[in-house]
Amino acid sequence: MENTITTYKLPYLLTREQASQFLGIDPKSFDKFVRSNDELERFMIGRQERYTVTSLTNFIKTHSI
């Protein structure tokens, strides 16, 4: 079986839903395990958090066991 990666164009700043979709997890799991960690870099637009693909991948790399 061949490994394939599906790519699609993402905006530079991702919403919570887009970030969880990028990571392949449920938005509730994203909130509980990723978003709740203060080490995740985020950009605030008013009171709304946005994330970059780079910040998400760096967070996952540094928190892998």
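So, a few notes on the structure that sits alongside this text. Here the structure is a predicted model, which is why all the values come from computation and not from measurement.

Brief notes about the overall build of the protein
Here's step 1: Looking only at helices and strands, the protein features three helices and two strands.
Here's step 2: Going from N to C terminus, the protein has its helices and strands arranged as α-α-β-β-α.
Here's step 3: Looking at the protein as a whole, 20% of its 65 residues are labelled buried.
Here's step 4: For the protein, the proportion of contacts with a sequence separation of at least 24, taken over those separated by at least 6, is 44%.
Here's step 5: Surface accessibility of the protein: about 5400 Å² in total, with carbon and sulfur atoms responsible for 53%.

Quick word on the packing of aromatic side chains
Here a ring pair, both rings aromatic, is described through the centre-centre distance and the interplanar angle of the planes.
Here's step 1: Scanning the model with the defined rule gives one aromatic pair in all.
Here's step 2: With centroids separated by 5.4 Å and ring planes inclined at 85°, the aromatic side chains of Phe30 and Tyr51 adopt a geometry described as edge-to-face. Taken together, the positions of Phe30 in helix H2 (residues 27–35) and Tyr51 in the loop between strand E2 (48–50) and helix H3 (53–62) put the pair 21 residues apart, joining distant regions of the chain. Comparing Phe30 with Tyr51 shows no difference in burial state: the two are buried.

Some points on the packing of helix H1 (residues 16–23) against H3
Here's step 1: Between H1 and H3, whose axes approach to 11 Å, the crossing angle comes to 50°. One finds that H1 runs oblique with respect to H3. Between H1 and H3 the crossing geometry is right-handed. Contacts between H1 and H3 involve Ala19, Phe22 and Leu23 from the first element and Val53, Leu56, Thr57 and Ile60 from the second.
Here's step 2: Across the contact of H1 with H3, the residue classes tally to six nonpolar, one polar and no charged.

Re the environment of Thr57
Here's step 1: Within the secondary structure, Thr57 is located in helix H3.
Here's step 2: On a C-alpha basis, the gap between Thr57 and Leu23 in space is 8.6 Å, while along the polypeptide they are 34 residues apart.

What counts and how
Residues numbered from 1 in each chain as written. Predicted model: local features only at pLDDT ≥ 70, side-chain atom pairs only at ≥ 80, totals over all residues. Heavy atoms only, no water. Helix = DSSP H or I, 4+ residues; strand = E, 2+ residues; numbered from the N terminus. Buried < 20%, exposed > 50% of the residue type's maximum accessible area, 1.4 Å probe, protein only. Contact = heavy atoms within 4.5 Å. Areas by Shrake-Rupley, 256 points an atom, 1.4 Å probe, with all protein chains shown as cover. Phe/Tyr/Trp six-rings, centres within 6.5 Å; stacked < 30°, edge-to-face > 60°. Axes fitted to C-alpha atoms, helices over the stretch in contact; angles between N-to-C directions. Parallel < 35°, antiparallel > 145°, perpendicular 65-115°, else oblique. Left-handed = near helix turned anticlockwise from the far one by under 90°. Nonpolar A, V, L, I, M, F, W, Y, C, P; charged D, E, K, R; others polar.

These values are about where atoms sit, not about what they do.
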